[in-house]
Amino acid sequence: MTKEFPQINLTFSLHSPFNDQRSELMPINNHFPLEEVLNVLDEHIQQTKRKVYIAYILLRGINDSTKHAEAVAELLRGRGSWEHLYHVNLIPYNSTDATAQSFVESDQNSINIFLKILKSKGIHVTVRTQFGSEINAACGQLYGSK
């Protein structure tokens, strides 16, 4: 993609900065370990000079702790002069009838603390605005219902 479609915006689904936990949440991590993917993303940024977005779904009591926020910042800082082109999108979890009941949306205080930690470490970060959750049409909810 870097060579053939350099204008494409990339988003990498992180969801945990810890390899063991990330593998539980996203088994693809076993085939494409976090550090290897980040090295490829570094190369993409260096060649294209374009932002890479880091998607991070916040799950209450699972990946929304201060320890997680500090580790996310540690992953993205010190990567090189291009590190400012990483942008984290914090995504509040949207539950559906079809998703695991063990996942719950983080409370607003936890989201704010996570955001504050990343910002204090110089990480570019945005909290995704949720639209449509009251009609079960927010991100992932329509898919979950079909």
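What you are looking at is a predicted structure, and each value in this text was computed from that prediction instead of being measured.

1. Some points on the sheet that holds strand 1 (residues 10-13)
The sheet built from 4 strands is open, its strands ordered 1-2-3-4 with parallel pairing. Strands at the two margins of the open sheet, each flanked by one partner only, are strand 1 and strand 4 (124-127). Along the sheet, successive strands turn relative to each other by an average axial angle of 25 degrees, direction set aside. In terms of strand pairing, strand 3 (residues 86-92) meets strand 4 through 4 bridges, oriented parallel. In the sheet register, H87 faces strand 4, and the bridge partner there is H124.

2. Section: the packing of aromatic side chains
One pass over the structure, following the stated rule, counts 2 aromatic pairs. An angle of 35 degrees between the planes, with centres 5.1 Å apart, marks the rings of Y56 and F114 as tilted. With Y56 in strand 2 (residues 52-58) and F114 in helix 4 (residues 108-120), the pair connects residues that are 58 residues apart, well separated along the chain. An identical accessibility class is assigned to Y56 and F114; each is buried. Aromatic side chains Y93 and F103 sit 5.9 Å apart centroid to centroid with 75 degrees between the ring planes, which places their arrangement in the edge-to-face category. Residue Y93 is located in the loop between strand 3 and helix 4, and its partner F103 is located in the loop between strand 3 and helix 4; the two are separated by 10 residues in the primary sequence. What makes Y93 buried here is its relative accessible area of 9%.

Definitions and cut-offs
- Residues numbered from 1 in each chain as written.
- Predicted model: local features only at pLDDT ≥ 70, side-chain atom pairs only at ≥ 80, totals over all residues.
- Heavy atoms only, no water.
- Pairing = 2+ DSSP bridges.
- Helix = DSSP H or I, 4+ residues; strand = E, 2+ residues; numbered from the N terminus.
- Axes fitted to C-alpha atoms, helices over the stretch in contact; angles between N-to-C directions.
- Phe/Tyr/Trp six-rings, centres within 6.5 Å; stacked < 30°, edge-to-face > 60°.
- Buried < 20%, exposed > 50% of the residue type's maximum accessible area, 1.4 Å probe, protein only.

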